[in-house]
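# Coordinates in review
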Amino acid sequence: MWISETMLQQTRVEAVIPYYKRFLARFPSVEALAGAEESDVLALWSGLGYYSRARNLHKAAKQVAAEGVPESCEGLRKLPGVGPYTAAAVASIALGLPHAAVDGNVLRVVSRLLSDGGEIAAPVTRRRFAEAADQLLDRRRPGDFNQAMMELGATVCVPGKPVCGSCPVVKFCAARAAGTERELPVKRRAAETREVALELVVLERAGSILLIQRGASERRMAGFWELPEKHLVPEVRGRAKAAFTHAIVNDRFRVNVWRCKTERAPEGRWIPITELGGMPVSTITRKALQAMGMAAGIPSPSAEI
């Protein structure tokens, strides 16, 4: 439950499933995860995105291995990377404790059940919806109830056009009675997307490619390996061999990829292509290699939200 809920943060179920299976096969116990090198954990997570999740899982596994499995929702909250939702989900489903797990799907269901027009991202609204979810919770079967609420929001009470004719609780829905179900929940306007141009080069030499590792002090993607940018290889000429887009939150990267064989190269490390599958490689780099037909043996990047 802990691994799946962490992987499912900001990521679709379809994208998570293969990563989840590989992760549990490699780390079948808390002790196995706690004893692993961080680079091995990041390599298995590579392509799934939001890498602080993997680092926090690794730290939390060490804490659990040393102190034992938490037996309360409050104890779960003390683990690195475990917030209110994840703690409540694991506590209710895995431990049978009466805590309402409130994710985006549940927020949407509650907003319609109450016909509440509060802005859904506002802390006061979220607290109000969390209190309502707690009042609705079946304390005899909290895990089943939470999963039912999540499933209701994911399959019936969906954004935009809910399938009210198939809803098992439609007679309790104030928004349906008022005809406001398509107007809820109320969301603030999304931030504008920023377009970012990125020019990358695949440098080849004897079955290896050059990658550059991000510094440990960098805020994002610390320790990950990436292709060099074109400005570091001025002798590259002509047209790009591949192009694609990649979105990270509100940034949309428009990536062009060149391919070049050269003895002169920026500082980095020449890595055999066959070894890339076991390294923490950035999602953009994976997509670039895939676009160039060089991604054999590397798990495909997930589609992130």
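Residues numbered from 1 in each chain as written. Predicted model: local features only at pLDDT ≥ 70, side-chain atom pairs only at ≥ 80, totals over all residues. Heavy atoms only, no water.

Scanning the chain for helices and strands turns up 12 helices and 6 strands. Taking the principal axes of its C-alpha atoms as reference, the chain extends roughly 70 × 45 × 30 Å. Taken over 305 residues, the chain has a buried fraction of 45%. Accessible surface, the chain: about 16200 Å² in total, of which carbon and sulfur atoms supply 51%. Charge centroids of the chain, computed over 42 positive and 32 negative side chains, lie 5 Å from each other. (Helix = DSSP H or I, 4+ residues; strand = E, 2+ residues; numbered from the N terminus. Buried < 20%, exposed > 50% of the residue type's maximum accessible area, 1.4 Å probe, protein only. Areas by Shrake-Rupley, 256 points an atom, 1.4 Å probe, with all protein chains shown as cover. Lys, Arg positive; Asp, Glu negative; His and termini not counted. Charge placed at Lys NZ, Arg CZ, Asp CG, Glu CD.)

Moving on to the state of the cysteines. Summed over all chains, the structure comprises 0 disulfides. The thiol of C164 is unpaired, and the distance to the nearest cysteine sulfur, on C173, comes to 6.2 Å. The buried category is assigned to C164, whose relative accessible area is 13%. C167 carries a free sulfur, and the closest cysteine sulfur to it, the one in C157, is 6.3 Å from it. On the accessibility criterion, C167 (18% relative accessible area) is buried. (Disulfide = S-S within 2.5 Å.)

Our focus in this paragraph is the nonpolar core. Residues W2, M7, F23, V41, W45 and L76 are the most contacted members of the largest nonpolar core, which totals 29 residues. Within the residue set of this core, elements represented by two or more residues are α1 (2-7), α2 (13-26), α3 (30-34), α4 (38-45), α5 (52-67), α6 (73-77) and α7 (84-93). Here this core takes 5 residues from α5, the largest share from any one element. Beyond its immediate chain neighbours, meaning those up to four positions away, M7 contacts V16, Y19, Y20, F23, W45, L48 and R53. By size, the runner-up hydrophobic cluster in this structure holds 24 residues, among which are Y85, V102, V109 and V156. (Core = buried A, V, L, I, M, F, W, Y, C linked by side-chain atoms within 4.5 Å. Contact = heavy atoms within 4.5 Å.)

Looking now at the packing of helix α8 (residues 104-114) against helix α9 (residues 123-136). Close contact between α8 and α9 brings their axes to 10 Å; oriented N to C, the two are set at 85°. Classified by the interaxial angle, the pair formed by α8 and α9 is roughly perpendicular. Here V106, L107, V110, S111, L113 and L114 of α8 come into contact with α9, specifically with R126, F129, A132, A133 and L136. Considering only residue class, the contact of α8 with α9 consists of 9 nonpolar, 1 polar and 1 charged. (Axes fitted to C-alpha atoms, helices over the stretch in contact; angles between N-to-C directions. Parallel < 35°, antiparallel > 145°, perpendicular 65-115°, else oblique. Nonpolar A, V, L, I, M, F, W, Y, C, P; charged D, E, K, R; others polar.)

Nonpolar side chains collect at one region of the surface, where L8, V13 and I17 lie side by side and expose about 220 Å² of accessible area between them. Within the secondary structure, V13 sits in helix α2. A residue is classified by how much of its surface remains accessible, and V13, at 46% relative accessible area, is partly exposed. (Patch = residues over 30% accessible without salt bridge, like charges linked within 9 Å, V, L, I, M, F, W, Y side chains within 5 Å. Salt bridge = Lys/Arg side-chain N within 4 Å of Asp/Glu carboxyl O.)

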